[in-house]
Each structure stands twice: as C-alpha cells, then as structure tokens.
Amino acid sequence: MGYALVLVRRERLSLDAFARATHTHPDLIRRLVTLGLLEADRDAAGELWFAPSQVAALGRVQRLRAGFALNYAAIGLVVDLLDRISDLEEALRSSSR
Amino acid sequence: MTTPSRDFYEVLGVPRSASQDEIQRAYRKLARTYHPDVNSDPGAEDRFKEISEANDVLSDPETRRRYDAFGPDFRQVPPDMDPETWARIRAGAGAGAGTGRTGPGGFGPGGFGQGGPDLGGINIEDLLGGLFGGRGFGPIRGADQETELELTVEEAFRGGRRSVTLEGPDGRRTLEVKIPAGVTNGQRIRLAGQGGRGSEGAPNGDLYFVARIAPHPRYRVDGRDLYVDLPLAPWEAALGTSVAVETPSGEMKVKVPAGTSSGKRLRLRHRGLPHPRGSAGHLYAEIRIMVPAKLTDEERRLFEQLAATSTFDPRSR
C-alpha cells in the first residue's frame, strides 16, 4: 500500500459543519470554546469558525475525558501540559542533531 | 488475526488476590502511561485497549468472579452454569474451540466483528463498546500517533520509498512511506488516517513519521547543510591544489587555494540537502591537514630543510 503526503488545506468549518464532522452537539462545542479547549474564530455576525485541526483537538479532549474521567477544566490543564511536553521534545530533538 | 488475549491480571500486573483498590491503582497508573494522547507510540494504543479491557472486567466484582471461575471464555458461559460443568462441556467440545481467541477485539467497527463460529455469534465489540465509545461519548476521532523514522543522509538527499512495519491493533502492518527529497532532522511525514482507530465509525487519527538522520561516517548534518572533512597534505594546503570531494550527488572537483589552514571551510554552494520549495543547503568541506605518520629519509630531510628556512610561526600574534 502506498500513501502520498497529504497537503493540509486551509479551510474553515462553520459550527454546524464542525458539529456534524465530530458528531458533537453544537452547545457542547460552544462550551468547549468558552473553556478554551477549542480554538475558534468569531466572524462579524458572531458565528464560530473552526480550523480543520480542531477536529483532532476535540478528539483528544473526548478521549482524555473518557479515559481518565476528567472534567473539562482539568482537561485544559492536561492538554496544555501535553503540548508543552511535545514542544520540549521537539526542541530537544532539533538541538541534539 | 491477533494474538490470544493475555490474562487480565497479568495485563494489570496484579496478583489474582488483588483488592479492588489495588486493581484500580494499577489501572490508573498504566492508563496514564499508555493513554494514546499521552503516549504517541503506535504500540501504545493496543496496550491501552488491553489495559482498559482488563479493568472493565476486573473492576466489577461480578464480572471478575465470572472471569475467575470461567477464564477468558466467561462471556459465553450461561449465567447459572457452575465451573465444573462448564469445564466438562469445554473438554467435550474439543480443544479447537477452547483455545480460540475470545478476548475482546479492536476499537472500531470491523475490529473483531467477524467473531468465529465458536463464539456463538456474540460480538464482543457490542458488549464492550469500542475503546472510548459505548460509554456515552459518541464517535471519537482516533489519536494521532508518532514514530521515529531513521534515514541515511543519502535517503534524505534523494528521497524515495521505505517499507515500515508497525505493530497495531490488527497485528502487524506494513506501510510504504514516501520520503520527500530534502527531508530534514525532526521533520514530520504525515500518513493521513493511519494513526489511532476512531471509535464508532469516527475517522482514524494520523500517523506521523519523525525523520531522524542517522550519524554518517562522512557527512555531518545541520539543517540542510552538510559538512565533510577534506584531508590535505601540508604541501597541498600550502601550495593549493584541486581535489575530488565526494558529495551525495557524486564526486566534485574542489579548488583549494594556496595557504589554506586546517579548520577552514570551503563552501560548495547548494550541494547540501535539497529544499523542495526553496534553495538547497550548502556542502562545506572542512580542511584537515594531515601529516605522514612515518617519514621517509628523503621526506624528513626536506621537512628539516623547510624548518630551517621558514620563518613562519603559527603561534605568533
């Protein structure tokens, strides 16, 4: 099986499209944005728009919630720490070459 | 098919006499190590699934009692069966049916769906739900995974294809990875949909290969620049010369100007690693002046003559 590299297109998803793509209720998504667990842009009409990368971000939030029975505030902390660790690991990798 | 399921106590690393507290503690510790968002190794997901299954069974006193009594086949045992009768039935049914894999299956639909006839049509997936599904969370996209891909300098230079075998929830799988020419240390190569399994039909995560360029006997790598030693005889360095330098794209003639000292770098423009969307790195030939370990009588005489004649002092400032 061969897999080509995938180009990430810079497109945005509306709240509804994002909710459909992730099978998640829009109310929960709004709440996760408020809690800072998802990144979204708000347009002039006040509508939320999501980068495709946020689909993966939501998956991580849900897996952490399911796997550790964490509340959303705690997930925010865990996600931040995981991101910091991967940044540090990346820096370590590039400095040890 | 996958390997037979391991003993759930073994999976959690607790004795069969473990208290509920000990089981809980062992599960929490292991979950923190192998949760797919904490551990991006492709093998971790499988391990986490195993740990979750063991915990699901052992953390509930009733299912634990049945597991202790009937072993891995406990889900097939009718509720009022006593262990001895069950053992007799199993012995009668022949060894084949009894040794079949009965452990819970993969994450998503199809992971284990086609349970063999000896399972009596029971789909373990339905009983347990997926890894994260079935607990009121709905479909969840799989986690991204990451694994290192060691490349030679030549592979990074030319690009190409590489077959990589990974252990996953469905056993071993071989992926053909396309390595772009000019990949650098730490660069990530993404294989969409090849990461952790999504639950309940949600998409899989992505798999990332992180390129690591292995130490090379000749080239040192810094970003897209390559460094190579260029050994010269003292007279070559003093008088200047033209020498062949090996580069990943083949041999190149390099003109060494007269009066070149050790440590000086000669730059071969754009002869380093290529850049898919920009200019290639450079190749630097670093001068190293070598002297013969043993001199012939004639060489010694000439060096002595040079020493007597020359006023050059490399330590004067």
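Residues numbered from 1 in each chain as written. Chains lettered and ligands numbered in written order. Predicted model: local features only at pLDDT ≥ 70, side-chain atom pairs only at ≥ 80, totals over all residues.

(A) Highlighting the nonpolar core. Residues and elements named next belong to chain B. Membership of the largest hydrophobic core comes to 24 residues, with the highest contact counts inside it found for Leu151, Val153, Ala156, Ile213, Leu226 and Val228. Secondary structure elements with two or more residues in this core: helix 8 (153-158), strand 5 (207-213), strand 6 (219-222), strand 7 (225-232) and strand 11 (283-289). Counting residues domain by domain, this core receives three or more from each of domain 2 (145-213) and domain 3 (219-309). Every residue in contact with leucine 226, bar those within four places of it in the chain, is listed here: Tyr219, Val221, Gly272, Leu273, Gly281 and Leu283. Listed in part, the 15 residues of the second largest apolar core include Val11, Leu30, Leu58 and Tyr67. (Core = buried A, V, L, I, M, F, W, Y, C linked by C-beta atoms within 7 Å. Buried ≥ 20, exposed ≤ 12 C-beta atoms within 10 Å, placed from the backbone. Helix = DSSP H or I, 4+ residues; strand = E, 2+ residues; numbered from the N terminus. Domains from an automatic or database assignment. Contact = placed C-beta atoms within 7 Å.)

(B) Structural detail: the interface of chain B and chain A. Taken together, the contact between chain B and chain A spans 29 residues of the former and 23 residues of the latter. Broken down by secondary-structure element, the contributors of at least two residues to the side of chain B that touches chain A are strand 3 (171-179) and strand 4 (188-191) of chain B.

(C) Quick look at the pairing of strand 9 (residues 250-256) of chain B. Residues and elements named next belong to chain B. The pairing of strand 8 (residues 241-247) with strand 9 spans seven bridges and is antiparallel. Residue pairing for strand 9: valine 243 is matched across the bridge by valine 254. Two successive antiparallel strands, strand 8 and strand 9, enclose a turn made up of two residues. (Pairing = 2+ DSSP bridges.)

(D) Up close: the packing of helix 3 (residues 53-68) of chain A against helix 4 (residues 72-95) of chain A. Residue and element names in this part refer to chain A. Axis separation between helix 3 and helix 4 bottoms out at 10 Å; the angle between their running directions is 115°. Between helix 3 and helix 4 lies a crossing of right-handed hand. Packed against helix 3, whose contacting residues are Arg60, Val61, Leu64 and Arg65, the element helix 4 presents Ile75, Val78 and Val79 at the interface. Here the residues of the contact of helix 3 with helix 4 sort into five nonpolar, no polar and two charged. (Axes fitted to C-alpha atoms, helices over the stretch in contact; angles between N-to-C directions. Left-handed = near helix turned anticlockwise from the far one by under 90°. Nonpolar A, V, L, I, M, F, W, Y, C, P; charged D, E, K, R; others polar.)

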